[in-house]
Amino acid sequence: MSRKKIIAGNWKMNMTPTEAVQLVETLKPLVVNEDVDVVFCVPAIDIIPVVEACKGTNIQVGAENMYFEDKGAYTGEIAPAMLVDAGVKYVIIGHSERREYFAETDETVNKKVQKAFEYGLTPIICCGESLTQREQGITIDWIRQQIKIAFLNVSAENAAKAVIAYEPIWAIGTGKVATTEQAQEVCCAIRACIAEIYDDATAAAIRIQYGGSVSASSAPELFAQADIDGGLVGGASLKPDFGKIVNYNK
């Protein structure tokens, strides 16, 4: 089964609404590639202007986070229905920065994943190990735990539509990139874990991204791997170079 590559930019806490629209205008002509689903995951305040700026293009818009309740007294949080109404299609869930700075856990990730599917949003579910965990040889065990809890009570039908982003925490924004072999090994283990939880068909359908200092030069080799279906790109998604990453196969 051939899986369409998905390359998503995670803008993190960058770009005012005005700057966001300017960036979209710069990137629009550079990110055209029929072989790739292109997603811009932008700060909440940028979503509405970016959705407007992306109309008529191949770009889908994602959010960087959402809450796991429908609505209510959760000051500062964003409900899934708000994202849907604004035109969002994807939502990043459980990014390592959310886990580290905002106390997200595997359990809250699972609640958000279930809620995203309830509203027809495609979750980009993040997993990844720290440098200590890699040095102690527990990378695969750690990632399997994150995946198994994230997909608790998620149907096979929904799981097949999910996107998983493997991001070694030690490679995010450090300029260090996991070797192609390291990235493929973990993405292969993630697919095997999905096959264990569900079945081979679900594992074959799910798309697994690599993230962590992805660049125009590293993208072609990474994305050629059997189990790597694209990338979740941080810093490079804010520059024209993102076009080269999207067009890695040209």
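Given the structure is predicted, the values throughout are model-derived calculations rather than measurements. Residue positions are given per chain, counting from 1 as you read along its sequence in written order. Totals for whole chains, interfaces and linings use all residues, but because this is a predicted model, local features are given only for residues with pLDDT of at least 70 and pairs of side-chain atoms are given and counted only at 80 or more. Calculated side-chain values reflect all of the structure's heavy atoms, with hydrogen atoms and water omitted.

(A) Examining the overall build of the protein more closely. Helix and strand definitions here come from DSSP, where helices need a minimum of 4 consecutive H or I residues and strands a minimum of 2 consecutive E residues; each element is numbered from the N-terminal end. Scanning the protein from N- to C-terminus turns up twelve helices and eight strands. Each radius of gyration is computed over the set of C-alpha atoms, and the globule rule expresses the reference value as 2.2 Å times the number of residues to the power 0.38. For the protein, whose C-alpha radius of gyration is 17 Å, the value lies close to the compact-globule estimate of 18 Å for 250 residues. Based on the C-alpha atoms only, the size of the protein along its principal axes is roughly 45 × 45 × 35 Å. Exposure classes here rest on a 1.4 Å probe applied to the protein chains alone. A residue is buried below 20% of its type maximum, exposed above 50%, and partly exposed in between. Counting over 250 residues, the protein shows a buried share of 52%. Two residues qualify as a contact provided that any one of their heavy atoms is within 4.5 Å of a heavy atom in the partner residue. Here the contacts in the protein between residues at least 6 apart in sequence split such that 74% fall between residues at least 24 apart. Charge assignment in this entry is limited to Lys and Arg as positive and Asp and Glu as negative, and neither His nor the chain termini are counted. To locate a charge, take NZ of a lysine, CZ of an arginine, CG of an aspartate or CD of a glutamate. Between the averaged position of the 23 positive side-chain charges in the protein and that of its 32 negative side-chain charges there is a distance of 2 Å.

(B) Seen up close, empty space enclosed by the protein. Here a cavity denotes a set of grid points, spaced 1 Å apart and computed over the protein atoms alone, in which a 1.4 Å probe fits but from which it cannot get out, and a pocket denotes an open set meeting protein on both sides within 12 Å along at least five of seven lines; residues with an atom within 4 Å of a point are reported as lining. Grid points are joined across faces, edges and corners, and a volume is the space filled by probe spheres set on the points. Within this structure, the stated rule accounts for one cavity of 30 Å³ or more. Empty space within the largest cavity amounts to approximately 50 Å³. In terms of lining, the largest cavity is formed by Gly94, His95, Ser96, Arg99, Cys126, Cys127, Gly128, Gln146, Glu167 and Ile169. Per-class residue counts for the lining of the largest cavity are three nonpolar, five polar and two charged. Residues were grouped as follows: Ala, Val, Leu, Ile, Met, Phe, Trp, Tyr, Cys and Pro as nonpolar; Asp, Glu, Lys and Arg as charged; and all remaining residues, including Gly, as polar.

(C) Structural context of the nonpolar core. Ranked by size, the top nonpolar core spans 66 residues in total, and within it Phe40, Phe151 and Phe242 carry the most contacts. Ranked by the residues each element gives to this core, the list is headed by helix α9 (residues 180-197), at six residues. Beyond its immediate chain neighbours, meaning those up to four positions away, Phe151 contacts Asn110, Ile125, Ala159, Ala162, Ile164, Ile194, Tyr198 and Ile206. Working definition of a nonpolar core: buried Ala, Val, Leu, Ile, Met, Phe, Trp, Tyr and Cys residues. They are joined through side-chain atoms within 4.5 Å. By size, the runner-up hydrophobic cluster in this structure holds eleven residues, among which are Ile6, Ala8, Tyr90 and Ala165.

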